[in-house]
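# Architecture at a glance
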Amino acid sequence: MKREYPDSGTSSSGEAAPKGKLPASAPPSEEDVDELLAALGYKVRPSEMADVAQKLEQLEMAMGMGTAASTAPVSDDMVFFPETVHYNPSDLSTWLDSMLSELNTPPPPLPAPSMAPPPSVPSFAPAESSSVNFDPNPISQSDPSRERKRMRTGSGSGSCSSSSSSSLGRGGAGTTVGSEVIEPAPVATPGLPVVVVDPQEAGVRLVHALMACAEAVQQDNLKAADALVKQISLLASSQGGAMRKVATYFSEALARRIYQLRPPVGPISDPSTFDSLADLLHMHFYETCPYLKFAHFTANQAILEAFAGCKRVHVIDFGIKQGMQWPALLQALALRPGGPPSFRLTGVGPPQPDNSDALQQVGLKLAQFAHTIRVDFKYRGLVANSLADIEPYMLEDESDDGEPEAVAINSVCELHGLLARPGELDKVYHTVQKVKPKIFTVVEQEANHNSGSFLDRFTEALHYYSTMFDSLEGSNGSPAEPPSPGQTDHVMSELYLGRQIFNIVACEGTDRTERHETLAQWRRRFSLAGFEPVHLGSNAYKQASTLLALFAGGDGYRVEEKDGCLTLGWHTRSLIATSAWRVMAS
């Protein structure tokens, strides 16, 4: 469909008409500029809105023509012109005028053709410029009134002459040297200059737009938030890699909060969809990056050391998922000097949407593995909507054997969800104290997404998940590689993290369950509840370091020891922390 556009100042022959000077006008004051565009850093008077919209449409057409032509194959006969870089302005109207004027500037004069080489040497015009011609079928710009001539030499003459009016377009006149006709290399018409937006500048504007939108949401300024969230989507599309993905997830989360889309809709953020796929996403995240492996390795090492010399052991897993943590511990116990102990495992998990007994299936697989390595194994699954629903009597030793049972409790990213309902964490602390485990291993995200204002929480989450997505990109290899099972894990891992972003940004009250807290905050909570820290030994640190050495992209990961606890991060930012606790002696 062809659009009709107002006269942009070009004549029918393709040459730009003389440009008139723009009328001088005072810069718009803060009082007479459009409010929504001012939030994005653009100063536009309401009276200029129609004119700006018309110029934007003209610029879109001009840039679209350049983009379409840039996809044509580049041949040797194309002349290249330097790219032009433009930065985002604050005075939008003036910038549009300058852009349209530059795009309509007539091309520079063609260079005079060089002298032909001696006979029997073909003549080729070298491409000396570095700019791109977007026209796959260039048309000669020579004066049509001049006569096209061929360069010829007589049979008895060694000299050659050239015509200054020879056509340099395709299909034009050639040059005859002796008996050989040599066509001069065609020179294309200079194409439109490439308009390139500085990625760094666009990235800064994207972050500013995200922060401005979050601030508008906090101030309940839904009109400004609506305009900003739409602008974020456009700015995000100009980015690449982790920044684009993070901005897209945060943009959608803001939109759901602004438009009050609860429950969320769509295949990515539908709660029922995520409930049925939660374990699948968790497994892909486990395979993609070392965070959950780090959690399992460090917790298992602490439990193994706590079980030293014990003949009967009982592990209580507050979130067993697919049970991927426990084969390694069973293997380590099977190789223990003096033989393995009797091993009892209690796995806690939520009810399944399809009412299937997923916990029982996990237990069967672990029992088969324990049988192959000759470990006495018992298993029990506990279905609970919340860890606060578990009573101490459910975890008691039911064996009549006189040998005491050593107990370890394990929680990987499970406790922060209890903070959504007051009193539930205290109830779990009470249950743990009644069971009196030898060790209570806890793994949590190293972030503060549970205190302060919405803007503070949004800012912390934006920094945290930007680093997390950067680490995914760093461990995924080249984005240009063809799709592979590893890349499938990568995409599913992004969905796993995206779900957390939706919950942190779009939800409030008891619906907001991703209430992560820092290691320092958890240390205060455990101390007040009557627990004391257990120092994670050097073996746990070595286990984690060995894991990262074997992991792709491990150069960016960092393991640190902090007051007897271990953290794993990407470069300088800690992202996950493992700690161990026991009940204080009364």
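Quick caveat: nothing in here was measured; it's all calculated off a predicted structure. (Residues numbered from 1 in each chain as written. Predicted model: local features only at pLDDT ≥ 70, side-chain atom pairs only at ≥ 80, totals over all residues. Heavy atoms only, no water.)

### Digging into the overall build of the chain
Helix and strand counts for the chain come out as 15 helices and 13 strands. Put simply, 76% of the contacts in the chain that link residues at least 6 apart link residues at least 24 apart. A total accessible area of about 30400 Å² is found for the chain, and carbon and sulfur atoms account for 54% of it. (Helix = DSSP H or I, 4+ residues; strand = E, 2+ residues; numbered from the N terminus. Contact = heavy atoms within 4.5 Å. Areas by Shrake-Rupley, 256 points an atom, 1.4 Å probe, with all protein chains shown as cover.)

### Some points on the nonpolar core
One recurring pattern in soluble globular proteins is that nonpolar side chains are buried together. Of all hydrophobic cores here, the largest spans 92 residues; its most connected members are L210, F250, L254, Y291, F343 and F458. Those residues within four positions of F343 in sequence are excluded, and the remaining contacts are V313, V315, L329, L330, L333, V375, D376, F377 and K378. Residues L418, F526, F531 and W581 belong to the second largest nonpolar core, which totals 26 residues. (Core = buried A, V, L, I, M, F, W, Y, C linked by side-chain atoms within 4.5 Å. Buried < 20%, exposed > 50% of the residue type's maximum accessible area, 1.4 Å probe, protein only.)

### Regarding unusual backbone geometry
One non-glycine residue, R374, lies in positive phi territory at about 60 degrees. A relative accessible area of 76% places R374 in the exposed class. Despite not being glycine, H571 has its phi angle at roughly 60 degrees, a positive value. Here H571 lies in the loop between β12 (565-570) and β13 (573-583).

### Considering the confidence of the model for the chain
As a general rule, the predicted coordinates of low-pLDDT regions are not to be interpreted in detail. In this model, the chain carries an average pLDDT of 76, and 63% of its residues clear a pLDDT of 70 or more. Mean pLDDT in the chain bottoms out at strand β2 (residues 175-177), which sits at 43, and peaks at strand β9 (residues 439-445), which reaches 98. Within the model, pLDDT remains below 50 along residues 106-182, and this stretch shows 104 contacts once partners closer than five positions in the same chain are excluded. (pLDDT = per-residue confidence, 0-100.)

### What about empty space enclosed by the protein?
This model, assessed by the stated rule, comprises three cavities of 30 Å³ or more. Estimates place the volume of the largest cavity at around 90 Å³. In terms of lining, the largest cavity is formed by F285, Y291, L292, C413, Q445, Y464, M468, Y496, L497, Q500, L575 and I576. Secondary-structure elements contributing two or more residues to the lining of the largest cavity are α8 (291-306), α12 (454-474), α13 (485-506) and β13. A total of three residues in the lining of the largest cavity trace back to one element, the largest contributor, which is α13. In terms of residue class, the lining of the largest cavity is made up of 10 nonpolar, two polar and no charged. In this structure, the second largest cavity encloses a volume near 60 Å³. Of all the secondary structure elements, the ones that give two or more residues to the lining of the second largest cavity are β9, α14 (519-528) and β13. (1 Å grid on protein atoms, 1.4 Å probe; cavity = no way out; pocket = protein on both sides within 12 Å on 5 of 7 lines; lining within 4 Å. Points joined across faces, edges and corners; volume = space filled by probe spheres on them. Nonpolar A, V, L, I, M, F, W, Y, C, P; charged D, E, K, R; others polar.)

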